[in-house]
Amino acid sequence: MSGTQTDRPGLTAVICAAGQSRRMGFDKLTAELDGTTAVARSVALFDGFAPTERIVVGVSVGREEEFRALLGQTPHRAELVICTGGGTRDETVRRALAHVPDGGLTAVHD
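Please read these numbers as outputs of a predicted model, since none were measured by experiment.

Criteria and thresholds
Residues numbered from 1 in each chain as written. Predicted model: local features only at pLDDT ≥ 70, side-chain atom pairs only at ≥ 80, totals over all residues. Heavy atoms only, no water. Helix = DSSP H or I, 4+ residues; strand = E, 2+ residues; numbered from the N terminus. Rg over C-alpha atoms; globule rule 2.2 N^0.38 Å. Contact = heavy atoms within 4.5 Å. Areas by Shrake-Rupley, 256 points an atom, 1.4 Å probe, with all protein chains shown as cover. Lys, Arg positive; Asp, Glu negative; His and termini not counted. Charge placed at Lys NZ, Arg CZ, Asp CG, Glu CD. Buried < 20%, exposed > 50% of the residue type's maximum accessible area, 1.4 Å probe, protein only. Pairing = 2+ DSSP bridges. Salt bridge = Lys/Arg side-chain N within 4 Å of Asp/Glu carboxyl O. Axes fitted to C-alpha atoms, helices over the stretch in contact; angles between N-to-C directions. Core = buried A, V, L, I, M, F, W, Y, C linked by side-chain atoms within 4.5 Å. pLDDT = per-residue confidence, 0-100.

Q: Looking at this structure, I do not really get the overall build of the protein chain. What am I missing?
A: Broken down by element type, the protein chain carries three helices and six strands. For the protein chain, the sequential pattern of α-helices and β-strands runs β-β-β-α-β-α-β-α-β. Radius of gyration (C-alpha) of the protein chain: 14 Å, near the 13 Å computed for a compact globule of 110 residues. The principal-axis extent of the C-alpha atoms belonging to the protein chain is close to 50 × 30 × 20 Å. Relative to all contacts within the protein chain whose residues are 6 or more apart in sequence, the contacts with residues 24 or more apart total 72%. Of the roughly 6900 Å² that the protein chain leaves accessible, carbon and sulfur atoms contribute 53%. A distance of 5 Å separates the average location of the 12 positive side-chain charges in the protein chain from that of its 14 negative side-chain charges.

Q: What's the story with the environment of valine 14 in this structure? I'm lost.
A: Its place among the elements puts valine 14 in strand β1 (residues 11-17). Excluding its chain neighbours within four sequence positions, the residues that come into contact with valine 14 are Val56, Ala96, Leu97, Val100, Thr106, Ala107, Val108 and His109.

Q: What exactly am I supposed to notice about the pairing of β1 here?
A: Walk down a regular strand and you will see the side chains alternate between the two sheet faces. When you tally the buried positions in β1, you get seven out of seven residues, the bulk of the element. Alternating positions in β1 separate into two faces, Leu11, Ala13, Ile15 and Ala17 on one and Thr12, Val14 and Cys16 on the other, with burial throughout. Two strands pair when backbone bridges link them, and β1 and strand β4 (residues 52-59) are joined in this way by seven bridges, in the parallel orientation. In the sheet register, threonine 12 faces β4, and the bridge partner there is arginine 54. Bridge count for β1 against strand β6 (residues 105-109) is five bridges, and the pairing is parallel.

Q: Explain the pattern of salt bridges to me, please; I cannot follow it from the model alone.
A: Here the idea is simple: oppositely charged side chains can pair when their charged atoms come close. Applying the stated criterion across every chain yields a total of five salt bridges. Between glutamate 66 and arginine 63 there is a salt bridge, with the nearest N and O atoms lying 2.8 Å from each other. Residue classification places glutamate 66 among the partly exposed positions, given a relative accessible area of 38%. Among the ionic contacts, a cluster of salt bridges with common partners joins Glu91, Arg94 and Arg95.

Q: Could you clarify how one ought to interpret the sheet that holds β6 in this entry?
A: Remark on secondary structure: sheet strands pair via backbone hydrogen bonds, oriented parallel or antiparallel. An order of β5-β4-β1-β6 is seen for the four strands of this open sheet, with the pairing classed as parallel. The sheet terminates laterally at β5 (79-84) and β6, the two strands that pair on one side only. Neighbour to neighbour, the strand axes of the sheet diverge by 20 degrees on average, direction disregarded.

Q: I'm lost on the nonpolar core in this one. Help?
A: For soluble globular proteins, nonpolar side chains are generally found buried alongside one another. In terms of nonpolar packing, the biggest core is built from 14 residues, with Ile15, Ala17, Val39, Ile55, Val57, Phe67 and Leu71 touching the most fellow members. At the level of secondary structure, the elements contributing two or more residues to this core comprise β1, α1 (38-47), β4 and α2 (64-71). Among residues more than four places away in sequence, those in contact with valine 57 are Ile15, Ala17, Val39, Val43, Leu71, Leu80, Val81, Ile82 and Cys83.

Q: I keep staring at the pairing of β5 and nothing clicks. Help me out?
A: Both β4 and β5 contribute to a ladder of six bridges, which runs parallel. Across the sheet, valine 59 pairs through a bridge with threonine 84, a residue of β5.

Q: Hey, could you run me through the confidence of the model for the protein chain in this one?
A: Fine structural detail should not be taken from predicted coordinates in areas where pLDDT scores are low. The pLDDT averaged across the protein chain works out to 88; a share of 90% of its residues lies at or above 70. Of the regions scoring below 50 in pLDDT, residues 1-5 engages in three contacts with residues more than four places distant in sequence or in other chains.

See below:
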């Protein structure tokens, strides 16, 4: 049925993971807590939320393959996209939004 809610793209979650964790003093994104990294926990939470169809993770330049390997270890229900973030949160969000389909909802996890 055209024009119904089911015809629209679902939720895209944007996760900002391009920071340098300066205030923490260590890489909080890949630090493990009970065997799972912080970024993997964020991905899993959105992946477990039924309306989520795509998860876009914006990462620092040069860390794309690292995060693909880290986050690709487990299967995901939603499509997982790793993109290059920017030097600021705003820039990372802007770059990630380029991977969001038109017409759906977007949640930015910051």
